[in-house]
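So you can see what is in the structure, the chains are spelled out below.
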Amino acid sequence: MAQLSYRDAVARGIAQEMRRDERVVVVGEDIAGAGGVFKTTVGLLDEFGPKRVLDTPISEQAILGAAMGAAMTGLRPVAEIMFSDFFAVCWDIVVNQIAKTRYMTDGQVSLPLVIKTGNGGGLRFGAQHSQSIENWAMAVPGLKVVTPSTAEDVVGLMAAAIRDEDPVIFCEHKGLYASKGEVPDGEIVDSLGTAKIRRPGRDATILALGMMVPRALAAAEDLATRGIDAEVIDVRSLVPLDTRTILGSVARTGRLFTVEENPQLLGWGAEIASIVADEAFWDLDGPVQRITTPHIPLPSADSLEDLVMPSAESVASTVEKALQS
Amino acid sequence: MAQLSYRDAVARGIAQEMRRDERVVVVGEDIAGAGGVFKTTVGLLDEFGPKRVLDTPISEQAILGAAMGAAMTGLRPVAEIMFSDFFAVCWDIVVNQIAKTRYMTDGQVSLPLVIKTGNGGGLRFGAQHSQSIENWAMAVPGLKVVTPSTAEDVVGLMAAAIRDEDPVIFCEHKGLYASKGEVPDGEIVDSLGTAKIRRPGRDATILALGMMVPRALAAAEDLATRGIDAEVIDVRSLVPLDTRTILGSVARTGRLFTVEENPQLLGWGAEIASIVADEAFWDLDGPVQRITTPHIPLPSADSLEDLVMPSAESVASTVEKALQS
Amino acid sequence: MKLPLSEHRYGEHGVVLPPERSDANDALDVDLDRRRQLYRSMREMRTFEKRAYDLFMKQLVKGTSHLSLGMEAIAAGFGAAMREDDYTFATYRGHAHTLARGVPMTPVLAELLGRANGLMGGKGGSMHLTSVEHGMMGSYAIIGAHLTIANGAAWSAQYRGSGQVAVCFFGDGTTNIGAFHEALNYAAVYRLPVVFVCENNLYMEYTSIHDITAVPHPAADRAPAYGLESIVIDGNDADEVHLAAVTALDRARSGQGPSLVEALTYRHGGHSRADPGKYRPSEEVEAWKAYDPLTVYRERLVRLGVSEDELDAIDASVLALVDAATEGAIAGELPSPESAFTDVWADGGWSWRN
Amino acid sequence: MKLPLSEHRYGEHGVVLPPERSDANDALDVDLDRRRQLYRSMREMRTFEKRAYDLFMKQLVKGTSHLSLGMEAIAAGFGAAMREDDYTFATYRGHAHTLARGVPMTPVLAELLGRANGLMGGKGGSMHLTSVEHGMMGSYAIIGAHLTIANGAAWSAQYRGSGQVAVCFFGDGTTNIGAFHEALNYAAVYRLPVVFVCENNLYMEYTSIHDITAVPHPAADRAPAYGLESIVIDGNDADEVHLAAVTALDRARSGQGPSLVEALTYRHGGHSRADPGKYRPSEEVEAWKAYDPLTVYRERLVRLGVSEDELDAIDASVLALVDAATEGAIAGELPSPESAFTDVWADGGWSWRN
Ligand SMILES: Cc1ncc(C[n+]2csc(CCOP(=O)(O)OP(=O)(O)O)c2C)c(N)n1
Ligand SMILES: Cc1ncc(C[n+]2csc(CCOP(=O)(O)OP(=O)(O)O)c2C)c(N)n1
Ligand SMILES: [Mg+2]
Ligand SMILES: [Mg+2]
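Residues numbered from 1 in each chain as written. Chains lettered and ligands numbered in written order. Predicted model: local features only at pLDDT ≥ 70, side-chain atom pairs only at ≥ 80, totals over all residues. Heavy atoms only, no water.

> Can you break down the overall build of chain A residue by residue, with the values?
Of regular secondary structure, chain A possesses 12 helices and 14 strands. Whereas a compact globule of 325 residues would reach a radius of gyration of roughly 20 Å, chain A reaches 19 Å, a difference of no more than 12%. With 325 residues in all, chain A has 75% of them scored as buried. Long-range contacts, defined here as pairs at least 24 residues apart, represent 81% of the contacts in chain A between residues at least 6 apart. Summed over all atoms, the accessible surface of chain A reaches about 8200 Å², with 49% contributed by carbon and sulfur. One way to put it: in chain A the 29 positive side-chain charges average out to a point 2 Å from where the 44 negative ones average out. (Helix = DSSP H or I, 4+ residues; strand = E, 2+ residues; numbered from the N terminus. Rg over C-alpha atoms; globule rule 2.2 N^0.38 Å. Buried < 20%, exposed > 50% of the residue type's maximum accessible area, 1.4 Å probe, protein only. Contact = heavy atoms within 4.5 Å. Areas by Shrake-Rupley, 256 points an atom, 1.4 Å probe, with all protein chains shown as cover. Lys, Arg positive; Asp, Glu negative; His and termini not counted. Charge placed at Lys NZ, Arg CZ, Asp CG, Glu CD.)

> Could you give me a rundown of the nonpolar core, with the residues and numbers involved?
Membership of the largest hydrophobic core comes to 358 residues, with the highest contact counts inside it found for A:Trp91, B:Trp91, C:Phe89 and D:Phe89. Those residues in contact with C:Phe89 that sit more than four places away from it in its chain are A:Met72, C:Met137, C:Gly138, C:Tyr140, C:His146, C:Ile149, C:Ala150, C:Ala153, C:Ala166, C:Val167, C:Cys168 and C:Phe169. (Core = buried A, V, L, I, M, F, W, Y, C linked by side-chain atoms within 4.5 Å.)

> I'd love a proper account of the interface of chain A and chain B, names of residues and values included.
Facing the 49 residues of chain A at the interface are 49 residues of chain B. Counting every contact that joins chain A to chain B gives two salt bridges. Of the charged contacts, one joins A:Arg290 and B:Glu271 as a salt bridge, the two residues approaching to 3.1 Å between their closest N and O atoms. Put simply, chain A and chain B have 22 residue pairs in polar contact (both at pLDDT 80 or more) between them. Counting only elements with at least two residues in the side of chain A that touches chain B, the list comes to α4 (91–98), α5 (101–104), α6 (134–138), α10 (268–279) and β14 (289–293) of chain A. Across the side of chain A that touches chain B, the residue classes tally to 30 nonpolar, 12 polar and seven charged. (Salt bridge = Lys/Arg side-chain N within 4 Å of Asp/Glu carboxyl O. Polar contact = N/O pair within 3.5 Å; in protein donor to acceptor, adjacent residues only side chain to side chain. Nonpolar A, V, L, I, M, F, W, Y, C, P; charged D, E, K, R; others polar.)

> Can you lay out the sheet that holds strand β4 (residues 76–83) of chain B for me, pointing to particular residues and giving the numbers?
All names here are of chain B. Judged by pairing direction, the sheet is mixed, and its seven strands sit side by side in the order β3-β2-β4-β5-β7-β6-β12 without closing on themselves. In the strand order of this sheet, the two ends are held by β3 (53–55) and β12 (237–239), each with one partner. Direction aside, the axes of adjacent strands within the sheet are offset by 20 degrees on average. In this sheet, strand β7 (residues 168–173) lies alongside strand β6 (residues 144–146) in parallel orientation, the contact comprising three bridges. Paired with Lys144 across the bridge in β7 is Val168. (Pairing = 2+ DSSP bridges. Axes fitted to C-alpha atoms, helices over the stretch in contact; angles between N-to-C directions.)

> Give a description of the interface of chain C and chain D that names residues and reports values.
Quoted interface sizes are often the accessible area lost when the parts come together. Facing the 34 residues of chain C at the interface are 34 residues of chain D. Surface buried jointly by chain C and chain D totals about 2500 Å² across both partners, of which 56% is contributed by carbon and sulfur atoms. Between the two partners, chain C and chain D, sit zero salt bridges. Applying the counting rule to chain C against chain D returns 21 residue pairs in polar contact (both at pLDDT 80 or more). Sort the elements by how many residues they give to the side of chain C that touches chain D and helix α6 (residues 178–189) of chain C lands first, with seven residues. Its residues assigned to classes, the side of chain C that touches chain D comprises 17 nonpolar, nine polar and eight charged. (Buried area = accessible area lost by both parts, 1.4 Å probe.)

> Can you explain the coordination of the magnesium ion (ligand 4)? Please cite residues and give values.
Residue and element names in this part refer to chain D. Taken together, the protein donors to the magnesium ion (ligand 4) comprise Asp172 (OD), Asn201 (OD1) and Tyr203 (O), at separations of 2.1 to 2.2 Å. Here the donor residues of the magnesium ion (ligand 4) are spaced in sequence according to D-x28-N-x1-Y. Here Tyr203 lies in the loop between β4 (194–200) and β5 (231–234) and Asp172 lies in the loop between β3 (166–171) and α6 (178–189), a separation of 31 residues in the sequence. Residue Asp172 is classed as buried on the basis of its relative accessible area of 1%. With relative accessibility at 4%, the residue Tyr203 sits in the buried group. (Donors = N, O, S within 2.8 Å, 3.2 Å for Na, K, Ca; no water.)

> An account of the site of ligand 1 is needed here, citing residue identities and associated values.
Around ligand 1 sit 22 residues, and of these B:Glu60, C:Tyr92, C:Arg93, C:Gly173 and C:Thr174 come closest. In this structure ligand 1 sits where residues from chains B and C come together. Here B:Glu60 contributes a side-chain N or O atom positioned 2.5 Å from a nitrogen atom of ligand 1. Protein chains shield 98% of the accessible area of ligand 1, which is 580 Å² for the free molecule. (Near = heavy atom within 4 Å.)

> Go over the relation of the copies chain C and chain D with me, naming the residues and quoting the values.
Note on the copies: chain C fits chain D at an RMSD of 0.0 Å, the axial shift is 0.0 Å, and the rotation between them is 180 degrees. Here the transformation between the copies is reduced to the relation of a two-fold axis. For chain C, the minimum C-alpha distance to the rotation axis belongs to C:Gly178 and amounts to 1.7 Å. The overlap is high: 100% of the interface residues of chain C also sit at the interface in chain D, so the same surface is used on both sides. (Least-squares fit on C-alpha atoms with pLDDT ≥ 70 in both.)

> Could you give an account of the sheet that holds strand β11 (residues 230–234) of chain A, naming the residues involved and the relevant values?
For sheets, the rule is that strands pair by backbone hydrogen bonds, running either parallel or antiparallel. All names here are of chain A. Strand order in this open sheet of five strands is β9-β11-β10-β13-β14, and the pairing throughout is mixed. Two strands lie at the open edges of the sheet, namely β9 (196–199) and β14, each paired on one side alone. Ignoring strand direction, the axes of neighbouring strands in this sheet form an average angle of 25 degrees. In the sheet, strand β10 (residues 204–208) pairs with β11 via five bridges, with the strands oriented parallel. Directly across from Leu207, in β11, lies its bridge partner Ile233.

> Tell me about the site of ligand 2, and please be specific about residues and values.
Around ligand 2, a shell composed of 22 residues is seen, among which A:Glu60, D:Tyr92, D:Arg93, D:Gly173 and D:Thr174 lie nearest. The environment around ligand 2 is built from residues contributed by chains A and D. Contact distances for ligand 2 include 3.0 Å between an oxygen atom and a backbone N or O atom of D:Tyr203. Between ligand 2 and the protein, one listed contact pairs a nitrogen atom with a side-chain N or O atom of D:Glu205 at 2.8 Å. In isolation ligand 2 exposes 580 Å². Once the protein is present, 98% of that is buried. Split into classes, the residues belonging to the shell around ligand 2 amount to 11 nonpolar, six polar and five charged.

> Describe the packing of α6(C) against α6(D), with residues and values.
At a minimum axis separation of 7 Å, α6(C) and α6(D) run at an interaxial angle of 125 degrees. Judged by the angle between their axes, α6(C) and α6(D) are oblique. Handedness of the α6(C)/α6(D) crossing: right-handed. Along the contact surface, α6(C) presents C:Gly178, C:Phe180, C:His181 and C:Glu182, while α6(D) presents D:Gly178, D:Phe180, D:His181 and D:Glu182. Classifying every residue of the contact of α6(C) with α6(D) gives two nonpolar, four polar and two charged. (Parallel < 35°, antiparallel > 145°, perpendicular 65-115°, else oblique. Left-handed = near helix turned anticlockwise from the far one by under 90°.)

> Got a sec to walk through α10(A)? Specific residues and values, please.
All names here are of chain A. For α10, with 12 residues, the first-to-last C-alpha span of 17 Å sits near the 16 Å given by 1.5 Å per residue. Within α10, 10 of the 12 residues are buried, which leaves it mostly tucked inside the rest of the structure. Residues Trp268, Gly269, Ala270, Glu271, Ile272, Ala273, Ser274, Ile275, Val276 and Ala277 constitute the buried set of α10. (Expected span 1.5 Å × (residues − 1).)

> Mind laying out the coordination of the magnesium ion (ligand 3), listing which residues take part and the relevant values?
Residues and elements named next belong to chain C. Looking at the magnesium ion (ligand 3), one finds its protein donor set to be Asp172 (OD), Asn201 (OD1) and Tyr203 (O), positioned 2.0 to 2.2 Å from the metal centre. Counting along the primary sequence, the residues that act as donors to the magnesium ion (ligand 3) give the motif D-x28-N-x1-Y. Separated by 29 residues along the polypeptide, Asp172 in the loop between β3 (166–171) and α6 and Asn201 in the loop between β4 (194–200) and β5 (231–234) bring together distant segments of the chain.

> Please set out the domain arrangement of chain A residue by residue, giving values where relevant.
Residues and elements named next belong to chain A. Assigned domains of chain A: these are domain 1 (2–183) and domain 2 (196–324). Here the C-alpha centroids of domain 1 and domain 2 sit 26 Å apart. With 25 residues of domain 1 in contact, the opposing surface of domain 2 contributes 26 residues. For the pair domain 1 and domain 2, the two sides together bury roughly 2000 Å², of which 56% comes from carbon and sulfur. When the area that domain 1 buries against domain 2 is broken down by residue, the three leading residues are Arg124, Asn135 and Met138, summing to 30%. If you look at where domain 1 meets domain 2, you find five salt bridges. A salt bridge links Asp306 to Arg124; the nearest nitrogen and oxygen atoms lie 2.9 Å apart. When contributions to the side of domain 1 that touches domain 2 are tallied by element, the ones reaching two or more residues are α6, β6 (144–146) and α7 (151–163). Each residue belonging to the side of domain 1 that touches domain 2 can be placed in one class, and the counts come to nine nonpolar, 12 polar and four charged. (Domains from an automatic or database assignment.)

The structure is reproduced here in structure tokens:
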């Protein structure tokens, strides 16, 4: 058991899998010699050498295309897209090629690959370097999508993603890289498609993802002081989605809140709201409420960015107000 | 008043605006000499000449980048992305550049441009040429998104889109190109952000978009024979979204169904379900139900494609079953 | 030969005629059995695609499809040069390349008809023909992407030391999309065993490549931008193609890296099913139809001593194959409804939730 | 000079040294007043960016930022050659290009500090500096996109017959992304009045451009692929840059189409705020720091008879400007909360529903 940063956990998870499986290779911009611009691949080049850990040109389509072609012919690549916003320059490879090829070929082609990426806001990087794109991927059949919120989950979900036979979009939250957590020694392998109840509670269910998880937990602590016992669920995996855990919680609490970093329209909370509204309609004691960044691009100034993103305070006050009315 | 095909209505709408405004120019692959691969720009080169109607290389990023740069410096371009699936190869220009630049520059830059595209399935084109991408655009702040379902709406919404000072994604449904409708003579200018009640009804609200509108209407006719009086609303515009019309209808009928061509996760219906679940919770007599293509890529075989997309029959039976239970 | 930009005019292009007929290539170093194989291979593609066209006309093929009638020498010449375990990456215009790898005709035709016995059970269609067991790694319908994917297969072969080569076919119009550039540099940087083959048929869909390209040879004039040699070949001459293929494959297999080959050719018909191809000057179309790779090659074989009878026998046996495939395809069942819900995921299913 | 691919090795690059110091460029045809202006302009950029750096260190600048310390000659040389109504398109490394267009320092610095009096009210930040009234059409933070957008401004100028030219700056690493290729061909095809300027500082973020590029000159060796001349200049010599700029702008303005200029330079610091730049050999860094465009240029001016006193006076006046800007920026208010909700749409607001 050791304290590990979320950032270091990424390299640990990858290294764990590279040691046991020769087919795992890693590619991306500045990921080898420099250990990644977010330092999430430090040490991999030294341990595994330049044949398995490659720096690339600034050619995101070529990077993901290469990952795809390699995956369909026997390797298990982990490719980095440095900031998730850059998915937009290689979106075709992700959604039209990687997501659809197994289906279109009637199962002839397997694509065991992971695309890891620095996702999310809060670092004052402005509108082109702060987006939460997990929702873009969730909308496309054929992609699995995970977002860990703790260092331990980073290791275990990375291992699970690399072992999975399907393409996985692995969203690392940039705002969590510096955070630390206890991580058990030895091999860790988690499973995709599972949410985690981070804090049990009886009065309301709060669903959160990525950097919103610590904020939701802080909100819950705060609510507890005011007599509201909120359950906080870390969604962790958007596809597959652990609807069982979510619906089970709603059945117990009767109230659902989603805490989403994304701009409102078509954030993952919308899908969950629609599922709950359909399948748990009679369980609900009040409307499902979504707490999101408003539907605007993210401003860069620190004061404005803090203002628009959901905070522990805004979560707590929304939940409190809703439960009181 | 004349019968016009949806296809010809596109060219008519563009020509109407080109005649009144010299700044309107049109670019895209095969759109000039050949009149477009879907024949939606026939006649424009002849009438307006090669300076205003340009064929381009297969360079979608360059096409939309050029449209953006021209829009910020005084022109009002209409750019074609032939199949909407190809948005994936130029997604950066759309979501990171066009959508965000006005906001990031604090309003210094205006981007009056239209991106028209052939959208949707039903033509047996397979998974890479049949997607409904209006949802991708809806998720990104800064883009307006419209999808007409009739020839008259094509003309009027195209005119409104071209006159709008903001970027508009104009989704033409490929499956409707051959359909015909009455179109009034003379200038037609519609307004963005308005839904239309296509069939009033008291028992249930059915929301549909694009090619799903005629199917929803057929379903409603069928339901009428079985004593169910369904209201059918043509959503037309996802951004801005006419929530007033939608919430008003739900308040009257108490039941809501969305008919979406898209794969389930994060289709526009999810957002509407979440809005309704939040704001009209106490109006609902039963769960909001979404009728979508299942969350799979579209298969190409005609029998399979017909099976998976929502049909008049599947809409009618879903509504009937829900109202009976 | 790159021209300075001053020679380029947007929207202006002359009639581009095929090379003069000549018997010079009779002397190329391709042995006669290989040449018989090349003839047969082209005849299979030709007969198969004409049949596919007839079936469209009978409304049996739904959706779109893209024929390579007139372009067979490229698919045949490369196909015959490839090792059994090499990889092919093709476009939506991929019927010929699929047959070139030995994929049987019945499932290919059945796929066009959307039948359960189709190559992908009806889920892919004409634009996505794939047969992994034959090294046919897919047909890709969005311009540019598959060049980057071919790199990945080449990378994997290099990593595994398997000696396999990836061959990637695409059109002239594809040279102007971003992925082309990224893929070529990427292949060169890692010296990947991949051969890029530009089938320059002078047109994108309905627009002349010369109208909208800054250099006259859309592929070959870009090769030096990646440290590669400019190579232009007669894509209607199966022998010339075949030898270029052998050279490029050897180069890749021996670790010297990628090649970019531009093969000049022409499609006899329109771009796709919907297109009558009227934007092309009839003089140009006629000249290229006369310079048909099958005619050219049949005449060569006859000059080299192969009897007309033998060639007719090949034609007849191919026709019989195509007839049988047609029967087999038409006899195919419709796909089962359940099959729409298989193979989204590796577990065989489509579920996105528990 | 394109090398054959056999000379390229992934991951291998030597130390790249700057040119020898020489007084040959003293004789270039740039008059002394223009040269004084160039010196002043570079001094403004240098002093401004050093101040910005100090403010980062004091935690006053949040987020990231990218300095062009050492690269000023390019921004100054082009800036002085542009017509007032020409268009500039820059990257996230855009402070110098913004100042080069006459944008006042206070709002630029205030933007870096996230203040209400920032150039974009704090909504854009360091990476997105824009001042339309000065022809500074934006700084773009995703590699490649703005080359295509610059084309659009050039197209509009061509359409309107305004005689304006768009100038687009980008780095060496940018030459390997798809949008570069699309933009260059597109500009050439329509003969757009646009000048593409590659600031080749030898590195992308932390990787040598030579490691991952198939040709030694990432921009110039690609120019012929678009029918364009290969142009490589000393990007640390403001006079050489200026004359290349005048030539390229004239060419564009007179309807002869785009140019692609590769200017060799070096950044004194790391890629961005977070980067100490340790991946570069110290021998290389030292040599380039010695070949500082400001030092080189100051020595030239002295050789040409400008007094040290006059130059010191320029330096002092620039420092006063930067001091004033610092005060003005620090004194700026925080943006109002409402401002987060303005200008998503042209109506001034952000509403997506009624
Ligand atoms: C990114 C993208 N843009 C546009 C298209 C539409 N499209 C399909 S084929 C084609 C022409 C391709 O021309 P070329 O590369 O010369 O190949 P050919 O069809 O002539 O074999 C176009 C524009 C596409 N499939 N993908
Ligand atoms: C599409 C995309 N990929 C990656 C990045 C991350 N990134 C920002 S700057 C940079 C290096 C750019 O190098 P170069 O073009 O040489 O410009 P320089 O920073 O040296 O001026 C990279 C990789 C990005 N912004 N956009
Ligand atoms: Mg072609
Ligand atoms: Mg650089």
